[in-house]
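Spelled out, the chains give:
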Amino acid sequence: MAKMWSGRTDGVVDKLADDFNSSISFDCRMYRQDITGSMAHAAMLAAKNIITEAEAEELICGLEGILGDLESGALTFDPECEDIHMFVEQVLTQRIGDVGKKLHTARSRNDQVALDIRMYLRDEIDSIRALAKALISVLCEVSESHKATIMPGYTHLQRAQPITFGHHLMAYAMMLLRDADRLADCRRRMNLSPIGCCALAGTTYDTDRRFEAEKLGFDGICLNSLDGVSDRDFCAELMSDLSILMMHLSRFSEEVILWSSWEFKFIELSDTFSTGSSIMPQKKNPDMAELVRGKTGRVYGDLMGLLTTLKGLPLAYNKDMQEDKEGVFDACDTVKMCLEVFAGMIKTMTVRTDNMKKAAQTGFINATDLADYLVKKGMPFRAAYKISGKLVAECIEKKCVLEELSLEEYRAHSELFGEDLYGEIALETCVGKRISEGGTSVESVEAQIKWVKEQINKM
Ligand code: ARG
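As the structure is a computational prediction, the values presented were derived from the model and not from experiment. (Residues numbered from 1 in each chain as written. Predicted model: local features only at pLDDT ≥ 70, side-chain atom pairs only at ≥ 80, totals over all residues. Heavy atoms only, no water.)

Q: Quick one: what's the story with the overall build of the protein chain, residue by residue and with numbers?
A: In terms of helices and strands, the protein chain carries 19 helices and 6 strands. On C-alpha atoms alone, the protein chain measures out to a radius of gyration of 31 Å, which is more than a quarter above the 23 Å that the 2.2 N^0.38 rule sets for 459 residues. Counting only C-alpha atoms and orienting by the principal axes, one finds that the protein chain spans roughly 100 × 50 × 40 Å. Expressed as a percentage of the 459 residues in the protein chain, the buried residues total 50%. Sequence-distant contacts, at least 24 apart, represent 75% of the contacts inside the protein chain between residues at least 6 apart. The protein chain carries 54 positive and 72 negative side-chain charges, and their two centres are separated by 5 Å. (Helix = DSSP H or I, 4+ residues; strand = E, 2+ residues; numbered from the N terminus. Rg over C-alpha atoms; globule rule 2.2 N^0.38 Å. Buried < 20%, exposed > 50% of the residue type's maximum accessible area, 1.4 Å probe, protein only. Contact = heavy atoms within 4.5 Å. Lys, Arg positive; Asp, Glu negative; His and termini not counted. Charge placed at Lys NZ, Arg CZ, Asp CG, Glu CD.)

Q: Describe the site of the ligand, listing the residues and the values that go with them.
A: By nearness alone, every residue bordering the ligand is listed as Ser23, Asp27, Asp83, His85, Arg109, Asn110, Val113, Tyr317, Gln322 and Lys325. A distance of 3.1 Å separates a nitrogen atom of the ligand from a polar side-chain atom of Ser23. Gln322 is positioned such that a nitrogen or oxygen atom in its side chain is 2.8 Å from a nitrogen atom of the ligand. Burial of the ligand by the surrounding chains reaches 86%, relative to a free accessible area of 340 Å². Each residue belonging to the shell around the ligand can be placed in one class, and the counts come to 2 nonpolar, 4 polar and 4 charged. (Near = heavy atom within 4 Å. Polar contact = N/O pair within 3.5 Å; in protein donor to acceptor, adjacent residues only side chain to side chain. Areas by Shrake-Rupley, 256 points an atom, 1.4 Å probe, with all protein chains shown as cover. Nonpolar A, V, L, I, M, F, W, Y, C, P; charged D, E, K, R; others polar.)

Q: I'd love a proper account of empty space enclosed by the protein, names of residues and values included.
A: Where empty space is left can be seen by rolling a probe of water-molecule size over the atoms. Across all of its chains, the model carries 1 cavity of 30 Å³ or more by this definition. Of the volumes computed, that of the largest cavity is approximately 40 Å³. Every residue along the wall of the largest cavity is listed here: Ala360, Gln361, Thr362, Gly363, Phe364, Ile365, Asn366, Val401, Leu402, Glu403 and Leu427. Residues of the lining of the largest cavity, tallied by class, amount to 6 nonpolar, 4 polar and 1 charged. (1 Å grid on protein atoms, 1.4 Å probe; cavity = no way out; pocket = protein on both sides within 12 Å on 5 of 7 lines; lining within 4 Å. Points joined across faces, edges and corners; volume = space filled by probe spheres on them.)

Q: Before we move on, can you summarise the pattern of salt bridges with the specific residues and values?
A: On inspection of all chains with the given rule, the structure shows 36 salt bridges. A salt bridge links Asp126 to Arg187, with the nearest nitrogen and oxygen atoms 2.9 Å apart. Placement of the pair is Asp126 in helix α6 (residues 109-145) and Arg187 in helix α7 (residues 165-190), with a sequence separation of 61 residues. One salt bridge connects Glu409 with Lys398, and the closest N-O pair in it is separated by 2.6 Å. A residue pair is termed long-range when its members are at least 10 positions apart, and Glu409 in helix α16 (residues 407-411) and Lys398 in helix α15 (residues 381-398) qualify at 11 residues. (Salt bridge = Lys/Arg side-chain N within 4 Å of Asp/Glu carboxyl O.)

Q: Outline the packing of aromatic side chains, listing residues and values.
A: A full pass over the atoms with the stated rule returns 12 aromatic pairs. Between Tyr31 and Phe77, the ring centres sit 5.8 Å apart and the planes meet at 55 degrees, which makes this aromatic pair tilted. Of this pair, Tyr31 sits in helix α3 (residues 31-47) while Phe77 is found in the loop between α4 (53-72) and α5 (84-96), placing the two residues 46 residues apart along the sequence. The exposure class assigned to Phe77 is partly exposed, which follows from its relative accessible area of 29%. For the pair Tyr373 and Phe417, a centre-to-centre distance of 5.7 Å together with 5 degrees between the ring planes defines the contact as stacked. Of this pair, Tyr373 sits in helix α14 (residues 367-376) while Phe417 sits in the loop between α16 and α17 (421-425), and the two are 44 residues apart along the sequence. On the accessibility criterion, Tyr373 (3% relative accessible area) is buried. Accessibility expressed as a relative area gives 1% for Phe417, which makes it buried. Three or more aromatic residues link up through ring pairs in this structure, and these residues are Tyr373, Tyr410, Phe417 and Tyr422. One cation-aromatic arrangement involves Arg122 over Phe218; the distance from NZ or CZ to the ring centre is 4.4 Å. (Phe/Tyr/Trp six-rings, centres within 6.5 Å; stacked < 30°, edge-to-face > 60°. Lys NZ or Arg CZ within 6 Å of the ring centre and 35° of its normal.)

Q: Can you explain the pairing of strand β2 (residues 158-164)? Please cite residues and give values.
A: Taken together, the 6 bridges between strand β1 (residues 150-155) and β2 define a ladder with antiparallel strand orientation. Considered in β2, the bridge of Ile150 is made with Thr164. Here β1 hands over to β2 after 2 residues, with His156 in that stretch at a positive phi of 55 degrees. (Pairing = 2+ DSSP bridges.)

Q: If you had to explain helix α11 (residues 287-310) to someone new, which residues and values would you point to?
A: Since the α-helix advances by 3.6 residues per turn, residues separated by three or four positions end up pointing in the same direction. An ideal rise of 1.5 Å per residue puts 34 Å on 24 residues; α11 measures up with 35 Å between its terminal C-alpha atoms. Every buried residue belonging to α11 is among Ala289, Val292, Thr296, Val299, Asp302, Leu303 and Leu306, and all of these are buried. In the core, the buried residues of α11 are packed alongside α10 (233-259) and α12 (324-348). (Expected span 1.5 Å × (residues − 1).)

Q: Break down unusual backbone geometry for me, citing the residues and quoting the values.
A: The bulk of non-glycine residues show a negative phi, and the bulk of peptide bonds are trans. Each neighbour pair has its own omega, and for Leu315 with Ala316 the value is 0 degrees, a cis peptide bond. For Ala316, the location among the structural elements is in the loop between α11 and α12. You will see that Asn49, though not glycine, has its phi angle at about 60 degrees, which is positive. Mapping Asn49 onto the fold places it in the loop between α3 and α4. Residue class for Asn49 comes out exposed when judged on its relative accessible area of 69%. The phi dihedral of Leu157 falls on the positive side, at around 55 degrees, and the residue is not glycine.

Q: Requested: an account of helix α19 (residues 442-457), with residues and values cited.
A: The terminal C-alpha atoms of α19, which comprises 16 residues, lie 22 Å apart, in line with the 22 Å expected from a rise of 1.5 Å per residue. Every buried residue belonging to α19 is among Ser444, Val445, Gln448, Ile449, Val452, Gln455 and Ile456, and all of these are buried. Looking down the long axis of α19, one finds its buried residues gathered within 140 degrees of arc, a one-sided arrangement. Residues Lys450 and Asn457 are exposed on α19 and point more than 90 degrees away from its buried face. Tucked inside the fold, the buried residues of α19 contact α6, β2 and α7. (Arc of directions from axis to C-beta.)

What follows is the structure, encoded as structure tokens:
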């Protein structure tokens, strides 16, 4: 069949070229945005007397019918159509006749597609933020139950100082909160309407871009028509934000994988969020976490793909830009799945507080507190640090922990040591005394949970 744009040519395209050119298989998911955008466009055309009120009514009524039929399944996408924009216009004209041909006045597919993506992605941002909020809320819940659960904190993956599991989890809540905030910021910049930029240069019709923008829930309009149709920053920005979010989930995944190993045994994943091996009967694998870690690469790839597509494009629209959609859709789909699975996985895991405690008891993670003890008795920190190190070496030699050395053994290093040192280096004390804001004490973790909850309630 000849294309709607036939004229200059007879519009008959080689089948191969036609398939290659077509985007309806993936841009069909923007049908709702496309149709709503067209309704607003028809209303604007009438408001500006470019078409009559009766014509606008016919157009809007026809568009409503198409939307309803697509939602119900009575109408399905025609793969022969080039893209969603052509499909809707074609069906509309078939249904209501020649009036349908008036819809595309003072508009181009270039500004239309830019409009549709912005509308689609701002909804995606809302869904992603809701899922991030749900995961943060799970983290607050689990942190609350484990605000006093002692585990080793690590640097260089070496046991460093005692912390609580609640404190550790809240670190991820903070990251996700920043992600949600970045997404809100991205949405704010995205929420400007390109419709009315037309093909590239604006239009000779007396249109009202702001009328249309307002009807569609935008905060304003793109102020340069060339930029309006060429700009895909909002896609790149969204995928950057999603890449950072995935980086956070990937780091978290790495820890979940380590923690659920036999070597750590800090957590046990629920049977409902782990898998077995087809050959090794004893296995229980953290596949969900591994997949989240793996899919992070995929989202980075989506971002890199678009940045590379855009880097050499002259203004204004180029067909290369049709390549924007699959990547950004994939990034959104992937992140949504990952957030949801992660929340389920964390909510259902069992925390092995006994193993965490056991691990915290070895590794001399109270050596800093031992040095601080001497500092509080008047010794300069560097000198105290040295003595604490020597005592650790002595323990390693004697195959014991700091708590097991006698007072005499301590006093051989410094007269400042007294009976009270044992209380000071107990893990509970080490944790309990880290009362600095943001620290690991129970009160501090409680304050963090309270603050994070306040933030998500505002979301
Ligand atoms: N399917 C196209 C896209 O996604 C719509 C815009 C087509 N514009 C054009 N001048 N051919 O980019």
